[in-house]
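Summary of the model geometry
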Amino acid sequence: YHRYKDNLAKSLPRIPCVKDYSDFLLFEKAGRFLSDLHVDFDKVTPYKCTISTNKDSDDLEGMYQVNKLSYAKIDKKKVLTSVKYNDSITIEGIPEEAYEYVVSGKPALDWVIDRQKVSIDKNSKIANDANDWAVETMGNAKYPLELFQRVITVSLETMKIVNNLPKLDI
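Report on the accompanying structure. Throughout, residues of each chain are indexed from 1 in the direction in which the sequence is written. Reporting in this predicted model follows two pLDDT cut-offs: at least 70 for local features of residues, and 80 or more for side-chain atom pairs to be given and counted; totals over whole chains, interfaces and linings ignore these cut-offs and use all residues. Hydrogens and water molecules were not included; the side-chain quantities draw on all heavy atoms of the structure.

**Details of the nonpolar core**
- Buried Ala, Val, Leu, Ile, Met, Phe, Trp, Tyr and Cys residues that are joined via side-chain atoms within 4.5 Å together make up what is termed a nonpolar core. In this scheme, a residue with accessible area under 20% of its type's maximum is buried, one over 50% is exposed, and one in between is partly exposed, where area comes from a 1.4 Å probe on protein chains only. Ranked by size, the top nonpolar core spans 27 residues in total, and within it Val83, Tyr85, Ile91, Ile94, Leu109 and Phe148 carry the most contacts.
- Helical segments are the DSSP runs of H or I of at least four residues, strand segments are the runs of E of at least two, and each set is numbered from the N terminus. For this core, the secondary-structure elements that each account for two or more residues are strand E4 (89-92), helix H4 (108-115), helix H5 (130-137) and helix H6 (143-163).
- Tallying contributions element by element places H6 first for this core, with 7 residues.
- Contact between two residues is taken to exist if any of their heavy atoms lie within 4.5 Å; hydrogens are not considered. Residues contacting Phe148, with those up to four places away along its chain left out, are Leu69, Val83, Ile91, Ile94, Leu109, Val112 and Ile113.
- The next biggest cluster of nonpolar side chains, apart from the first, holds 6 residues, and it includes Ala30, Leu34, Val44 and Val154.

See below:
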């Protein structure tokens, strides 16, 4: 209770009322698995995408520097299966099903793309640099790339669990 006290003060947990106790147990099991998956997202195995690079480099920090992730485009239409990580790296083979997991109105992968970048606040001129976080806090220059791959795994696993829940017979 204490760990989630602030969240519970803002919204009540959404527990479905079901007619059959066995269905309740399936929801309970799924809820526990989902909470573990989402709380420990940084421990899940990164999804095995194809990482294409156009240069060899021993400078890992330089190689994995991210300024702004963006979707690949064909005829000005974004391609969900490919993301340009930086000028050297492209992430390919992203399953479109990963975009089915939506948080606050948009896919979780879009949140990562929006947040893993370098931006400067107009008023304060303070830089928000995902690369600094990766190296200084996480001790891993590849953190933004691995985070994107982990969110793919979390998204796919989440949708697998949700799609396998029993139909509500309320």
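**Thoughts on helix H2 (residues 21-39)**
- Over its 19 residues, H2 extends 27 Å from the first C-alpha to the last, a length consistent with the 27 Å expected when each residue adds 1.5 Å.
- When we look at burial in H2, the residues that qualify are Asp23, Phe27, Ala30, Leu34 and Leu37. Down the axis, H2 shows its buried residues gathered within 90° of arc, on one side only. Exposed residues on H2 whose side chains face more than 90 degrees from its buried face are Tyr21, Lys29 and Arg32.
- In this structure, the buried side of H2 is in contact with H6. An expected span of 1.5 Å times one less than the residue number is assigned to each helix. Working note: the arc is built from the helix axis to C-beta atom directions.

**Some details on the environment of Leu147**
- Along the polypeptide, Leu147 turns up in helix H6.
- With 21 residues separating them in the primary sequence, Leu147 and Leu168 have C-alpha atoms 34 Å apart.
- In contact with Leu147, other than residues within four places in its own chain, are Phe41, Val112 and Gln116.

**Looking at the packing of H4 against H6**
- To get an axis, a line is fitted to the C-alpha atoms, and for a helix only the part in contact is used. The angle between two axes follows their N-to-C directions and goes from 0 to 180 degrees. Closest axis-to-axis distance for the H4/H6 pair is 9 Å, and the angle between their directions is 165°. Taken together, H4 and H6 sit at an angle that is classed as roughly antiparallel. In terms of crossing hand, the pair formed by H4 and H6 is right-handed. Across from Ala108, Leu109, Val112 and Ile113 in H4, the residues of H6 making contact are Leu147, Phe148, Val151, Ile152 and Ser155.
- By residue class, the composition of the contact of H4 with H6 is 8 nonpolar, 1 polar and no charged. Roughly parallel means an angle under 35 degrees; roughly antiparallel means over 145; roughly perpendicular covers 65 to 115; every other angle is labelled oblique. Here a crossing is called left-handed whenever its near helix is offset anticlockwise from the far helix by less than a right angle, and right-handed whenever the offset is clockwise. Any residue outside Ala, Val, Leu, Ile, Met, Phe, Trp, Tyr, Cys, Pro, Asp, Glu, Lys and Arg is labelled polar, Gly included; the first ten of those are nonpolar and the last four are charged.

**Some remarks on the packing of H2 against H6**
- It is the contact of H2 with H6, at a shortest axis distance of 11 Å, that shows an interaxial angle of 175°. For the element pair H2 / H6, the angle class is roughly antiparallel. Contacts from Ala30, Phe33, Leu34, Leu37 and His38 of H2 reach H6 at Val154, Glu157, Thr158, Ile161 and Val162.
- Here the residues of the contact of H2 with H6 are counted per class, giving 7 nonpolar, 2 polar and 1 charged.

**As for the pattern of salt bridges**
- Salt bridges are counted wherever a side-chain nitrogen of Lys or Arg sits within 4 Å of a carboxyl oxygen of Asp or Glu. Considering all chains together, one arrives at 5 salt bridges under this definition.
- Close ionic contact of Asp87 with Lys84 constitutes a salt bridge, the shortest N to O distance being 3.6 Å.
- The partner of Arg150 in a salt bridge is Glu146, and the shortest N-O contact between them spans 3.8 Å. Note that Arg150 and Glu146 are positioned in helix H6 at a spacing of 4 residues, about one turn of the helix. In this structure, Arg150 and Glu146 share a single accessibility class: buried.

**Looking at unusual backbone geometry**
- Unusually for a residue other than glycine, Asp75 sits at a positive phi of about 50°.
- One can find Asp75 in the loop between strand E2 (70-74) and strand E3 (77-84).
- Looking at Asp75, the relative accessible area reads 74%, which means it is exposed.
- The phi dihedral of Lys76 is positive, around 65°, even though this residue is not glycine.

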